[in-house]
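Architecture and fold: a report
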Amino acid sequence: MIIDTTNMCSHLQRKLFEGEYQAIREQIETNPTLTAVVRSRQLHIYRDGKKILVLAGKSAPKIIRDDQLNQLV
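Throughout what follows, the structure given in this document is the object of discussion. (Residues numbered from 1 in each chain as written. Predicted model: local features only at pLDDT ≥ 70, side-chain atom pairs only at ≥ 80, totals over all residues. Heavy atoms only, no water.)

**Focus: the overall build of the protein**
Secondary structure summary: the protein contains 2 helices and 4 strands in total. When the helices and strands of the protein are read in sequence order from the N terminus, they spell out α-α-β-β-β-β. For the protein, whose C-alpha radius of gyration is 11 Å, the value lies close to the compact-globule estimate of 11 Å for 73 residues. Dimensions of the protein, computed from C-alpha atoms along their principal axes, come out at roughly 25 × 25 × 20 Å. Looking at the 73 residues of the protein, the share that counts as buried comes to 38%. (Helix = DSSP H or I, 4+ residues; strand = E, 2+ residues; numbered from the N terminus. Rg over C-alpha atoms; globule rule 2.2 N^0.38 Å. Buried < 20%, exposed > 50% of the residue type's maximum accessible area, 1.4 Å probe, protein only.)

**Considering helix H1 (residues 10-18)**
Buried residues of H1: Leu12, Lys15 and Leu16, and no others. End-on view of H1: buried residues confined to an arc of 95°, all on one side of the axis. Buried-residue contacts for H1 involve helix H2 (22-30), strand E2 (42-47) and strand E3 (50-55). (Arc of directions from axis to C-beta. Contact = heavy atoms within 4.5 Å.)

**Topic: H2**
Here H2 has its buried residues at Ile24, Arg25 and Ile28. Around the axis of H2, the buried residues are gathered within 100° of arc, so they sit on the same side. Buried-residue contacts for H2 involve H1, strand E1 (34-39), E2 and E3.

**Quick look at the sheet that holds E2**
Backbone-to-backbone hydrogen bonds pair the strands of a sheet. The strands run either parallel or antiparallel. In spatial order, the strands read E1-E2-E3-E4; together these 4 strands make up an open sheet with antiparallel pairing. Strands at the two margins of the open sheet, each flanked by one partner only, are E1 and strand E4 (62-63). In this structure, E1 lies alongside E2, joined through 6 bridges in antiparallel fashion. The partner of Val37 across the bridge, within E2, is His44. (Pairing = 2+ DSSP bridges.)

**Some points on the side chain of Arg25**
Counting through the fold element by element, Arg25 comes out in helix H2. The residues touching Arg25, leaving out its near neighbours within four places in the chain, are Ile3, Leu16 and Phe17.

**Let's talk about the nonpolar core**
Counting 16 residues, the largest nonpolar core has Leu12, Ile24, Leu43, Ile45 and Leu55 as its most contacted members. Going through the elements one at a time, H1, H2, E1, E2 and E3 are the ones with two or more residues in this core. Of the residues forming this core, the biggest block, 3 residues, is contributed by E3. The contact partners of Ile24, leaving out residues within four places of it in the chain, are Ile45, Leu53, Leu55, Leu69, Leu72 and Val73. (Core = buried A, V, L, I, M, F, W, Y, C linked by side-chain atoms within 4.5 Å.)

What follows is the structure, given as structure tokens:
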């Protein structure tokens, strides 16, 4: 899956492609059970249709469910 960055916050784009969320982006792109959707300039990450994590540019990540992906935050 390729992440669409058209409506994403510029701070979040920087963190995803150059910073601390780079490992999460790689997992999203390689793992077929993970999907990501940009809503309200934030990245909502789902595993098998259930929301597990919300990443924002300047604020802290919001952990919705316990998941192995949360260890990368």
